[in-house]
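Each chain, letter by letter, is given below.
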Amino acid sequence: MKNQGSAKTLVIAEKPSVAQDIVRALTPVAGKFEKHDDHFENDQYVVTSAVGHLVEIAAPEQFDVKRGKWSFAHLPVLPPYFDLKPIDKTKSRLSAVVRQAKRKDVGQLINACDAGREGELIFRLIEQYAGGQKNGVYQSLGKPVRRLWLQSMTPAAIRDGFEHLKSDEQMQGLADAARSRSEADWMVGINGTRAMTAFNSRDGGFFLTTVGRVQTPTLSIVVEREEKIRAHKSRDYWEIHGVFLAEAGEYPGKWFDPAFKKPTGDDADAEQRADRVWSQHEALAIAEATRGKACSVKEESKPTTQASGLLYDLTSLQREANGRFGFSAKTTLQLAQSLYERHKALTYPRTDSRALPEDYLPTVKQTFEMLADSGMKHLAPHALTALNNGYIKPSKRVFDNSKVSDHFAIIPTLQAPSGLSDAEQKLYDLVVRRFLAVFFPSAEFMVTTRITSAVGHHFKTEGKVLVKPGWMAVYGKEAAEDVADAKEGDKGQSLVPVREGETVRAESVEPKALKTKPPARYSEATLLGAMEGAGKLVDDDELREAMQEKGLGTPATRAATIEGLLTEKYMLREGREMIPTAKAFQLMTLLRGLSVEELCKAELTGEWEYKLAQMEQGKLSRAAFMADIAAMTERMVKKAKEYDRDTIPGNYATLTTPCPNCGGVVKENYRRYSCVGKDGVGEGCGFSFGKSPAGRTFEPEEAEQLLRDKKIGPLEGFRSKAGWPFVAEIVIKFNEEDKNFKLEFDFGDDKKNEETGELVDFAGVESLGACPKCGSPVYEHGSNYVCSKTVPTEEQPTPSCDFKSGKIILQQPVAREQMSKLLETGKTDLLDKFVSMRTRRAFKAFLAWDKDAGKVNFEFEPRTSKSPPRKTVAGAPAKVAGAKKAVPAKKAAVKKAATPKAPRKTTLASGKQPSAALIAVIGEGLVSRPEVTKKLWDYIKANALQDSADKRKINADTKLQAVFGKPQVTMFEIAKLIGPHLS
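Residues numbered from 1 in each chain as written. Predicted model: local features only at pLDDT ≥ 70, side-chain atom pairs only at ≥ 80, totals over all residues. Heavy atoms only, no water.

**Student:** What's the story with the overall build of the chain in this structure? I'm lost.
**Tutor:** Scanning the chain from terminus to terminus reveals 25 helices and 37 strands. The buried share of the chain, reckoned over its 983 residues, is 50%. Partitioning the contacts of the chain with sequence separation of at least 6, the portion at a separation of at least 24 is 65%. Accessible surface for the chain amounts to roughly 47,500 Å². Of this, 49% is attributable to carbon and sulfur atoms. (Helix = DSSP H or I, 4+ residues; strand = E, 2+ residues; numbered from the N terminus. Buried < 20%, exposed > 50% of the residue type's maximum accessible area, 1.4 Å probe, protein only. Contact = heavy atoms within 4.5 Å. Areas by Shrake-Rupley, 256 points an atom, 1.4 Å probe, with all protein chains shown as cover.)

Structure (structure tokens):
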């Protein structure tokens, strides 16, 4: 452990907590460490840490293609080398680590990141980034590197690890595999996403279609299950349930066929069961034949034991928490991370191991002692029982180095937590109970199987009685509750006794009509299980073996994969079910049609894991692996680029609503819903509309509604050509030029009635409430909620009120119920889907009537700070993203006051002087940015400068050209263009 020469050794751990553990372990043998802001140091060592990944790979600038310019012309992207890019949120930590690595008095480095592929990659990228660029390419720092390989974090294990450091040469295979996996994921994900996006955007617009080695096979699992659900044809079957009378009382039983054998083979009927009858006539005949008859009884009882579940890894914890509490995988990870980092109450959660190191027994005993002495009354007695009875002892089921990889199982630490939230307490208790239970004895049961026979028919009854609770005592009655389906007759609890040779009577026997059910949709718990066990789906023995311990993704990334599929609208979460969307089916149809199904299947991961394992062992070169990845990427892009047919084969829908132009049949194909004529097989009249306008794919039910009602919305999930999301309504209108109906976005133009004098008729329309300005009824009209006196009506041709509030404000749809609530109470509920036009970030706010400003404003949740709640203007008509910008709150200088002040308004002037060009448009006087924006929009509306074809574009007149510097701008540009005109 002694250092050679006077140069110091820099130790880089993966996490700050590990750095602290290393310092504590080394202090007795290397001397006391001095603590600095970002490292520890003594005469021999400097110890610092990352916080997970600090650097990521990226294509060099000259090989990168920016979003919005993705086309086949730029594909495939196969950079000859990869650049390194600091991760934004951890730049300061990276700078601190690099600063230590570059110190002149640091002569060598020790990689103390987690023992495994990801830990190796984290260190290698940091070390290479510290080396800097030479001729545009990052090079190694050039200082000697050795590897600390730890399976346990006990002080003795850490000191032993320092005595047996591995050489850099020994780790080269793992380093190559780590870097290759990262670069291969980048190449397949980037090229696949851009190729599929380019293919789907051929008709115009920007239809983002993401794919990835883990994401897409995961989605495929969900889609294939949904396809089975949709294809399932329910069948009638019957069960026969009996109640039998013995001397000691009654017991239930269910008919079964003792000669039944489960069908095998590809065409086997998986719905066949020993207790199912497929004919009502047969079921009635069995019931009639046995009802009231004397029956003989055969019974067999035997003791069985049941051990507790293994300790948790992250995936099993996420599954359990989802099943018990409904926590999403992401929520469970966040809670576990908080219990690990903030409360120091759990060990590292991002683990795929369910065992502990073999030298961890003393630490486990200490943990039991901590729990026994803690104030946690629901847990302490069980810990004390285990200590008093000597339950904590070596066991391969718990302590097994061969089953510990980068990390060990999730268990409580020696620190008793306090101040946990309700959700954190639930998760902590879940982990602690499992930790306690795994050391308790097995639960013991007496299982009884009773066969009751009458006139050649047999009925089965099973009883299961808990004799010794063992580990179940840790869970109280919860785990020893009645067996599932106990009342169905084939399972039960403590059965009434039957004497040997006793004859019982079939008191009642009745058939029960049932229907077969499709397979259940995935919940997050079952999907996590499917991802973890994806290797079982692989046919090839070698690939299946390679995936045996891996599955799809890692425990640390599976939650993010699921959340990514939800974010990209490939799946919806309804209750606990994960439901694939039309966009998901469209992607699977595309990949199957292009014959790039390797992206849909777990075999790709299996093949990679097999080759990466060979690379780790020195049996395969990194260059050969990356050449294979490049070839696969080129093949994938080529298939998409050269596909020349009009559509892609698939299982497509036929809409029930006829074509609005000719009354023909409207059918779905890969890209569109098109009229195919009244016979359903012809050319049709030419009417069609795209399935994915602005990158959002219609569900079949939505397409049906659009065709039936000629309008739908507001809908979320659209993306502009630049890739920004927006919310909009869609209509189908007759186009005079084409003499056919066409799909259009409805950006609303409610002033047209005022300009043309056309009267609005609200007869028969339900009012949402009274106008807060004049008390007249408020109605839904176009893209706004308006006072009836805001538009020309028969009763009042000349409008006299100006109350108007958008149905969509900053991408947040405002439901009728919310507007009614605002009109009645002055405020909506807290709405959470507003998106800032400036930062593009989502935010939450109430919409509230501001009497002083005479308009609807934003009101934010009260904060714990001293600042009063803010309000910002939200009442101007908002169409879609960028249609009418809510004026941001402006910070005004205020003096301290002893009494609270009223909420600040955005109408307070901040005293900026407009330029001469701006004065020509809005007039003289000091103004704030919000006032400039409002006056500009008043000018644009008054002079009808919105482009007639695209309301989001402004056609500048001579005055506005002087302000904007060009003849046409978009709504998105106005805010930044007025900045230079204010001083």
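**Student:** What's the story with helix α8 (residues 314–325) in this structure? I'm lost.
**Tutor:** Because an α-helix packs 3.6 residues into every turn, residues spaced three or four apart end up facing the same way. The end-to-end C-alpha distance of α8, which contains 12 residues, comes to 16 Å, matching closely the 16 Å that a straight helix rising 1.5 Å per residue would cover. Those residues of α8 that sit buried are L314, T315, S316, L317, Q318, A321 and N322. Tucked inside the fold, the buried residues of α8 contact α9 (329–341), α12 (422–437), α13 (524–532) and α15 (555–567). The first or second residue beyond α8 is G326, which carries a positive phi of 80 degrees. (Expected span 1.5 Å × (residues − 1).)

**Student:** Explain the nonpolar core here, please?
**Tutor:** Within the largest apolar cluster, 86 residues are counted, with the highest numbers of intra-cluster contacts made by M196, L219, M571 and L594. Considering each element in turn, this core owes the most residues, 10 residues, to helix α5 (residues 172–200). Those residues in contact with L219 that sit more than four places away from it in its chain are L565, Y570, M571, A584, L587 and M588. Listed in part, the 50 residues of the second largest apolar core include I392, V398, F399 and Y428. (Core = buried A, V, L, I, M, F, W, Y, C linked by side-chain atoms within 4.5 Å.)

**Student:** Before we go on, may I ask you to explain the environment of L427 in this structure?
**Tutor:** Its place among the elements puts L427 in helix α12. Separated by 91 residues in sequence, L427 and A336 have C-alpha atoms that sit 7.4 Å apart. The contacts of L427, once residues within four sequence positions are left out, are L317, A321, T332, L335, A336 and L339.

**Student:** For this particular structure, what's the right way to read the pairing of strand β17 (residues 504–515)?
**Tutor:** If a strand is regular, its side chains alternate between the two faces of the sheet. For strand β12 (residues 236–246) and β17, the ladder comprises 10 bridges, and the chain directions are antiparallel. For V243, the partnering residue across the bridge sits in β17 and is S508. Looking at chain direction, strand β14 (residues 294–306) and β17 are connected through 2 bridges and run antiparallel. Bridge pairing links A294 to R505 in β17. (Pairing = 2+ DSSP bridges.)

**Student:** Can you help me understand the sheet that holds strand β15 (residues 443–454) in this one?
**Tutor:** Remark on secondary structure: sheet strands pair via backbone hydrogen bonds, oriented parallel or antiparallel. Strand order around the closed barrel formed by 6 strands is β12-β13-β16-β15-β14-β17, with antiparallel pairing between neighbours. Across the sheet, the mean angle separating the axes of adjacent strands is 35 degrees when strand polarity is ignored. Relative to strand β16 (residues 457–468), β15 is paired through 11 bridges, and the arrangement is antiparallel. Bridge pairing in β16 links F445 to L466. Contacts from helix α7 (residues 280–290) reach β12, β13 (249–256), β15, β16 and β17 within the one sheet, and its direction differs from that of β17 by about 170 degrees. (Axes fitted to C-alpha atoms, helices over the stretch in contact; angles between N-to-C directions.)

**Student:** Could you clarify how one ought to interpret the packing of helix α17 (residues 603–616) against helix α18 (residues 622–642) in this entry?
**Tutor:** When two helices pack together, you describe them by how their axes are tilted relative to each other and by the distance separating the axes. Interaxial distance between α17 and α18 falls to 10 Å at its minimum, and their mutual angle equals 160 degrees. Regarding the angle of α17 to α18, the classification is roughly antiparallel. For the element pair α17 and α18, the recorded crossing hand is left-handed. Here α17 contributes L604, W608, K611, L612 and M615 to the contact with α18, which in turn contributes R622, F625, D628, I629 and M632. (Parallel < 35°, antiparallel > 145°, perpendicular 65-115°, else oblique. Left-handed = near helix turned anticlockwise from the far one by under 90°.)

**Student:** I would appreciate a short explanation of unusual backbone geometry in the present structure.
**Tutor:** Glycine aside, residues mostly have negative phi, and peptide bonds are mostly found in the trans state. The omega angle of the peptide bond from L75 to P76 is -5 degrees, so this bond is cis rather than trans. Along the chain, P76 turns up in the loop between β5 (55–58) and β6 (83–86). Even without a glycine there, the phi angle at K739 is positive, about 55 degrees. You can see K739 is positioned in the loop between β24 (725–735) and β25 (740–746). K739 sits in the exposed class, given a relative accessible area of 51%.

**Student:** How should helix α2 (residues 91–101) be read in this particular structure?
**Tutor:** Those residues of α2 not exposed but buried are L94, A96, V97, V98, Q100 and A101. Check the buried side of α2 and you find it contacts β1 (8–13), β4 (45–49), β5, β6, β7 (106–112) and α3 (117–131).

**Student:** Would you mind going over the pattern of salt bridges with me for this structure?
**Tutor:** Side-chain pairs of opposite charge can arise where the charged atoms are in close proximity. In the structure shown here, the tally under the stated rule is 52 salt bridges. K254 is the partner of E239 in a salt bridge, and the nearest nitrogen-oxygen pair spans 3.6 Å. Of this pair, E239 sits in strand β12 while K254 is found in strand β13, placing the two residues 15 residues apart along the sequence. Comparing E239 with K254, the two get one shared label, buried. Of the charged contacts in the structure, one is a salt bridge between D709 and R708, with a shortest N-O distance of 3.3 Å. Residues participating in the shared-partner salt-bridge network are K8, E41, R103 and D105. (Salt bridge = Lys/Arg side-chain N within 4 Å of Asp/Glu carboxyl O.)

**Student:** Looking at this structure, how should I read the sheet that holds β1?
**Tutor:** With respect to topology, 7 strands assemble into an open sheet ordered β2-β3-β4-β1-β7-β10-β11, the strand pairing being mixed. Unpaired on one side and paired on the other, β2 (34–35) and β11 (166–167) mark the two borders of the sheet. The pairing of strand β3 (residues 40–41) with β4 spans 2 bridges and is classified as antiparallel. Note that in β4 the partner of E41 across the bridge is V46. Where helix α1 (residues 16–30) meets the sheet, its contacts fall on β1, β3, β4 and β7, and the angle it forms with β4 comes to roughly 165 degrees.

**Student:** Whenever I open this one, the environment of Y673 confuses me. Can you help?
**Tutor:** Mapping Y673 onto the fold places it in strand β21 (residues 672–675). What makes Y673 buried here is its relative accessible area of 0%. Remark: the alpha-carbon pair of Y673 and F689, spanning 16 residues in sequence, is separated by 5.5 Å. Beyond its immediate stretch of four places on either side in the chain, Y673 contacts L655, V666, K667, E668, F687, S688, F689, K691, F698, E699, P700 and A703.

**Student:** Would you explain the side chain of S453 in this entry?
**Tutor:** With respect to the element layout, S453 can be found in strand β15. In terms of polar contacts, S453 uses its side chain to reach the side chain of H458, at 3.0 Å. (Polar contact = N/O pair within 3.5 Å; in protein donor to acceptor, adjacent residues only side chain to side chain.)

**Student:** Please clarify how the state of the cysteines should be interpreted in this entry.
**Tutor:** Joining two cysteines, a disulfide is a covalent bond between their sulfur atoms. What the rule picks out here adds up to 0 disulfides. This cysteine, C662, is not joined by any disulfide, and C675 carries the nearest cysteine sulfur, 3.5 Å off. (Disulfide = S-S within 2.5 Å.)

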